Amino acid sequence: MKSKIVVVGSGKVKKINIGKNLPLVFIGGPCAIENKDHTFFMANKINKICKELKINWIFKACYDKDCRSSINSFHGVGKDEGLRILEEVRKEFGIPVTSDFSDTAWAKATGEVCDLVQIPAYLCRQTSILRVAAMTKKPINIKKGQFMSPWNMKNSIRKIEDFGNNKIILTERGTFFGYNMLVNDMKALEIMSEDGYPVCYDATHSIQMPTSMGNISGGQREYIPGLVRAATASGINALFMEVHNNPKNALSDANTVLHLKYLKNVLFQAKTIHKLRLDIFKKFGKDNVK
Amino acid sequence: MLNKNQLVKDVMLNLNEFPVVKSNCLLKEALDKMNNSNLGILCIINSNQTLKGILTDGDLRRKLISEQKPFSAFFSEDAINLAINKPIIIKDNFSLKKAVVCMEKNSIWDLPVINNKNKLVGLLHLHHAIKVLLGL
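Figured I'd write up the structure that's included with this text. Since we're looking at a predicted model, the values are computed, not measured. (Residues numbered from 1 in each chain as written. Chains lettered and ligands numbered in written order. Predicted model: local features only at pLDDT ≥ 70, side-chain atom pairs only at ≥ 80, totals over all residues.)

Regarding the overall build of chain B
For step 1, the next point in the chain: Regarding its fold elements, chain B presents 7 helices and 7 strands.
For step 2, the next point in the chain: Relative to a compact globule of 136 residues, whose C-alpha radius of gyration would be 14 Å, chain B shows 15 Å and is just as compact.
For step 3, the next point in the chain: Viewed in the frame of its principal axes, chain B has a C-alpha envelope of about 50 × 30 × 25 Å.
For step 4, the next point in the chain: Counting all 136 residues of chain B, 29% fall into the buried class. (Helix = DSSP H or I, 4+ residues; strand = E, 2+ residues; numbered from the N terminus. Rg over C-alpha atoms; globule rule 2.2 N^0.38 Å. Buried ≥ 20, exposed ≤ 12 C-beta atoms within 10 Å, placed from the backbone.)

Written out as structure tokens, the structure is:
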């Protein structure tokens, strides 16, 4: 299958190409938009790191966390306030922004602000969600459901294509292994890439232990760097990580977000391995094991 | 009674009588089509009706042995990925005798039939051909 390049960003923000043989792109930010000041603080910090490492990146933060374990958990600042903040981040830093959406009624507004529209993993096969995402005409980052096999994602791809959008990124974020536990099958990255669309690895959700702590999800973030190395060596086009300056007090995904202080190190490793992988292919040719 | 001048197009199955799918068809959908037709062959075409490949029972048998994927992964494959991309074909205005000789020479039972514009127009299936030839 011919590989496709997805371009994220338009207008005054930086246009970022994601695809085969291109530099690794980072998609990251706090899980949720907590408030404007914190969102700007995180965007600024990450932007500095990415500039220093010369990594193209897309700012990610969600305005509505509709799949929290508990009714009492922070749900988000809401669509209108959240999108306003994302729009300001976009203008201030000149970088593309992304958020997911969980309700068909939110898609249009999300697509009007976000350069990349994200589909939550739990909703990755919901036809009505995929339809309205496709209708935004924006690139779509679809998270592979934890309950989905990588080859079955083709059905979701076909739905989006059928609705007239072929700007798709597929993100691996772990697969259920019994109850309250995810594992990563690195083969999934290669399998999902067989359809030609760019593939992304979500390292911070991959170490999640879904709702393992009764009313919230747990996580084993000590495994984030190792999994990032494994996924990058395996072959990805983008790396997704949620980052926070104070994980303990993060309003969403406190047990899985990467502390900001580790971001530079992890991104440096990812960039280095990604480049090395491309160099190896240049020197020795592509894998040809039958 | 045997008619030596009989042409392929007089005997072939028409497009609605054998399984034909588009090139983005999943293997599961392709197998359903094959099962419904009771034929061991499926033709894959593009939007211009040009033949892109064929998939036969034998191709599937060989793939099942050579690629040890879970069945669910096989079912989600694009049928075209498992297909023969340059199958042996025959023109619709060729004689039936020539077609049967071709089948005999290549040990095959089915021949996709194309017209002068290289569009798929039918399928010559040996059983049907014999029936016609024998007037059954």
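What about the overall build of chain A?
For step 1, the next point in the chain: Scanning chain A from N- to C-terminus turns up 9 helices and 15 strands.
For step 2, the next point in the chain: Scaling as 2.2 N^0.38, a compact globule of 290 residues should have a C-alpha radius of gyration of about 19 Å, and chain A matches this with 17 Å.
For step 3, the next point in the chain: If you line up chain A on its principal axes, its C-alpha atoms span 50 × 45 × 40 Å.
For step 4, the next point in the chain: Looking at chain A as a whole, 46% of its 290 residues qualify as buried.

Some remarks on the packing of helix α8 (residues 224-234) of chain A against helix α9 (residues 260-284) of chain A
All names here are of chain A.
For step 1, the next point in the chain: As a packed pair, α8 and α9 sit with axes 8 Å apart at the nearest point and diverge in direction by 20°. The angle between α8 and α9 places the two elements in the roughly parallel class. In the packing of α8 onto α9, the handedness of the crossing is right-handed. Along its contact with α8, which presents I224, P225, V228, R229, T232 and A233, the element α9 presents V266, Q269, A270, I273, H274 and R277.
For step 2, the next point in the chain: In terms of residue class, the contact of α8 with α9 is made up of 7 nonpolar, 3 polar and 2 charged. (Axes fitted to C-alpha atoms, helices over the stretch in contact; angles between N-to-C directions. Parallel < 35°, antiparallel > 145°, perpendicular 65-115°, else oblique. Left-handed = near helix turned anticlockwise from the far one by under 90°. Contact = placed C-beta atoms within 7 Å. Nonpolar A, V, L, I, M, F, W, Y, C, P; charged D, E, K, R; others polar.)

Some remarks on the sheet that holds strand β1 (residues 13-14) of chain B
Residues and elements named next belong to chain B.
For step 1, the next point in the chain: One open sheet holds the 4 strands; their spatial order is β1-β7-β6-β5, and the pairing between them is mixed. The two strands at the open ends of the sheet, each matched to only one other strand, are β1 and β5 (90-91).
For step 2, the next point in the chain: Relative to the sheet, helix α6 (residues 96-106) contacts β5, β6 (110-114) and β7 (120-125), its axis offset from that of β6 by approximately 135°.
For step 3, the next point in the chain: Along the sheet, helix α7 (residues 126-134) contacts β1 and β7; its crossing angle with β7, the most-contacted strand, is approximately 75°. (Pairing = 2+ DSSP bridges.)

Things to note about the nonpolar core
For step 1, the next point in the chain: Counting residues in hydrophobic clusters, the biggest one holds 77 residues, and the most contacted among them are V25, I58, A133, L170, C200, A238 and L239 of chain A.
For step 2, the next point in the chain: Non-local contacts of L170 of chain A, meaning those with residues more than four positions away in its chain, are made with I142, K144, M153, M192, Y197, V199 and C200 of chain A.
For step 3, the next point in the chain: Ranked by size, the runner-up nonpolar core spans 32 residues in total, among them V20, L55, L111 and L124 of chain B. (Core = buried A, V, L, I, M, F, W, Y, C linked by C-beta atoms within 7 Å.)

Keep in mind these values describe shape, not function.
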